[in-house]
Amino acid sequence: MPGWEKIPLNIQASRELYKNLFEAPLPFIVYCLFAYTVGHVTMFNLVLSWFYVAFRIWHYYVRISNPKISKRRVPFQYSLIVTFILWTELFIFLVK
């Protein structure tokens, strides 16, 4: 589209959706690779990882249906908390 035309809201919303989908999971993907490399794959890690995936899917569907940040904040925060728990647990494993 030429730069002087206004971008339609549905195109802007899909652009933001895909941008968010690729930015947020990066620490989780790095965690998965690192945990597998050091040989620290437990049932606890797997369950939390699937919770992370579920929260991201939830975030995706909320984002599609309602683009307001206040509506999608909860699943995003839960996914960040799960990522923090996973990294903390891996750090404790590495320190021991």
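Look up a bit, the structure's there.
As the structure is a computational prediction, the values presented were derived from the model and not from experiment.

Caption draft 1: The arrangement of the nonpolar core in detail. Membership of the largest hydrophobic core is limited to nine residues, which are F28, Y31, A35, L48, Y52, F55, V82, L86 and L90. Among the elements of the structure, helix 2 (26–37), helix 3 (43–65) and helix 4 (69–95) are those that each provide at least two residues to this core. Discounting chain neighbours no more than four positions away, the residues touching V82 are L48, Y52 and F55.

Caption draft 2: Quick peek at the environment of E89. In this structure, E89 sits in helix 4. Spatially, the C-alpha atom of E89 lies 9.9 Å from that of H40, the residues being 49 residues apart in sequence. In contact with E89, not counting residues within four places along its chain, are Y31, H40, F44 and N45. Here the side chain of E89 touches H40 through a polar contact of 2.9 Å, side chain to side chain.

Quick notes on the rules
Residue numbers here run from 1 along each chain, matching the order of that chain's written sequence. Local features in this predicted model are restricted to residues whose pLDDT is 70 or higher, and side-chain atom pairs enter the listing and the counts only when it is 80 or higher, whereas totals over whole chains, interfaces and linings include all residues. Values shown for side chains rest on all heavy atoms present in the structure; no hydrogens or waters enter the calculation. Only buried Ala, Val, Leu, Ile, Met, Phe, Trp, Tyr and Cys residues count toward a nonpolar core, and they belong to the same one when joined by side-chain atoms within 4.5 Å. Relative accessible area decides the class of each residue, using a 1.4 Å probe on protein chains only: under 20% of the type maximum gives buried, over 50% gives exposed, and in between gives partly exposed. Here a helix means four or more residues in a row that DSSP labels H or I, a strand means two or more in a row labelled E, and each is numbered from the N terminus. Only heavy atoms matter for contacts: two residues are in contact if any of them lie within 4.5 Å across the pair. The definition of a polar contact used here is a pair of N or O atoms within 3.5 Å, where within protein one atom must be able to donate a hydrogen and the other to accept one, and adjacent residues in sequence count solely through side-chain atom pairs.

That's the geometry; what it means functionally is another story.
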